[in-house]
Amino acid sequence: MANGFLDERTPFDSLGLAVANWQQLDASAHFSAHAFPALIEFREGVVGAIGLRASEVYRTAGENQCARMLEEYGHHMTWATPDQESAFKEEAASVFSYAGLISSITDRLGGLDDFWFWIVWNEGLVDAHRIPRFRVRKDIVAFTDLPPPRTGVYLPEDGPYGALQFAWTGGRGELIGASSLNEFGRRVAQQIGRAGLWGDSAGLYEILDRNRAMTPYDWSYITADKAHIANSFVASECFEDRPSEWYFVEVVEGEFEEIDGTYSGASNVDLRPDRVPA
């Protein structure tokens, strides 16, 4: 796409510089020299990452670096028509968003919790009513900080709110700490209910309002008119990472199940506190 635009618009550089008061950074030559190489590097990085999958190695896509280079060196697209500029930026945003989901899953720095999965679910990337059937293989066990016995998705042992992880047998594919609800998070779940996590804006704002002392800034800038973003602030205090035993999640080939279309599905979740040995 960028190639086509550059081929079409490059002849106009001299005219724009001569009579339209363009600066050098407004010209397609500037984009070609400083921004376009970032696209090439991004493409080569993705091709390399796809090749590594054959060796059971997975890595991030590099979309943040490419997006930053485009923003820094290619944000002046005076050389393109308004329609071309709009189409290019829309396509780039779509690609980087898709790549960002892959990077989030293959990044070993954490950050995937129940709230993250709720956000992804609500982006409508899968059929919300008919999903593949899975089974948990408790005979295939993995442990935090160790590579798994098989490449794939793993479920932590500590309850329904533990976030799934993708782990692989190649380099840097070990499982990290399991993200699950802490004490505050369990109280939130009991008050809101599974169906209310994380879309009950009014209920979550009420919880935020009652617990402002939890943070040094008291969430003072989150007022009633911003209740729709209360979920992200409450969620930031709801999770903790801890070592876990993990079980392999296996896709049952060719089988599907019908669900009610919500993130929580049709099942009931036991919210009773865990038993603690004396």
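Calculation rules
- Residues numbered from 1 in each chain as written.
- Predicted model: local features only at pLDDT ≥ 70, side-chain atom pairs only at ≥ 80, totals over all residues.
- Heavy atoms only, no water.
- Buried < 20%, exposed > 50% of the residue type's maximum accessible area, 1.4 Å probe, protein only.
- Helix = DSSP H or I, 4+ residues; strand = E, 2+ residues; numbered from the N terminus.
- Arc of directions from axis to C-beta.
- Contact = heavy atoms within 4.5 Å.
- Phe/Tyr/Trp six-rings, centres within 6.5 Å; stacked < 30°, edge-to-face > 60°.
- Lys NZ or Arg CZ within 6 Å of the ring centre and 35° of its normal.
- Salt bridge = Lys/Arg side-chain N within 4 Å of Asp/Glu carboxyl O.
- Pairing = 2+ DSSP bridges.
- Axes fitted to C-alpha atoms, helices over the stretch in contact; angles between N-to-C directions.
- Polar contact = N/O pair within 3.5 Å; in protein donor to acceptor, adjacent residues only side chain to side chain.

Trainee: Any details on helix 1 (residues 2-9)? Residues and values, ideally.
Mentor: For helix 1, every residue scored as buried is listed here: Ala2, Phe5, Leu6 and Arg9. Each buried residue of helix 1 sits inside an arc of 95° when the element is viewed along its axis, so together they form one side. Tucked into the core, helix 1 has its buried residues touching helix 2 (13-19), helix 3 (28-52) and helix 5 (82-106).

Trainee: Lay out the packing of aromatic side chains with the relevant residues and their values.
Mentor: Scanning the entire structure with this criterion turns up 13 aromatic pairs. Ring geometry for Trp116 and Phe117: centres 5.0 Å apart, planes at 90°, overall edge-to-face. One cation-aromatic arrangement involves Arg9 over Phe12; the distance from NZ or CZ to the ring centre is 4.5 Å. One Lys or Arg, Arg130, reaches over the ring of Phe256 and ends 4.0 Å from the middle of that ring.

Trainee: Account for the pattern of salt bridges, with residues named and values stated.
Mentor: Counted under the stated rule, the structure contains 12 salt bridges. For the salt bridge of Asp139 with Arg137, the shortest nitrogen-to-oxygen distance reads 2.8 Å. Judged by its relative accessible area of 55%, Asp139 falls in the exposed class. One salt bridge connects Asp209 with Arg212, and the closest N-O pair in it is separated by 2.7 Å. Each member of the salt-bridge network shares a partner with another, and the members are Arg135, Arg137, Asp139 and Glu250.

Trainee: Account for the sheet that holds strand 3 (residues 165-167), naming residues and giving values.
Mentor: Here we have 4 strands laid out as an open sheet, ordered 1-6-2-3, and antiparallel in their pairing. Edge strands, defined here as strands with exactly one partner in the open sheet, are strand 1 (130-143) and strand 3. Put simply, the sheet's adjacent strands are angled 45° from each other on average, direction ignored. Here strand 1 pairs with strand 6 (residues 245-258) via 10 bridges, running antiparallel. Bridge pairing in strand 6 links Phe143 to Glu245.

Trainee: Would you mind going over the side chain of Ser244 in detail, with residue names and values included?
Mentor: Counting through the fold element by element, Ser244 comes out in the loop between strand 5 (239-242) and strand 6. Given a relative accessible area of 8%, Ser244 falls into the buried group. Separated by 3.5 Å, the side chain of Ser244 and the backbone nitrogen of Glu157 make a polar contact. Apart from the residues within four sequence positions on either side, Ser244 is in contact with Ala142, Phe143, Thr144, Pro156, Glu157 and Ala178.

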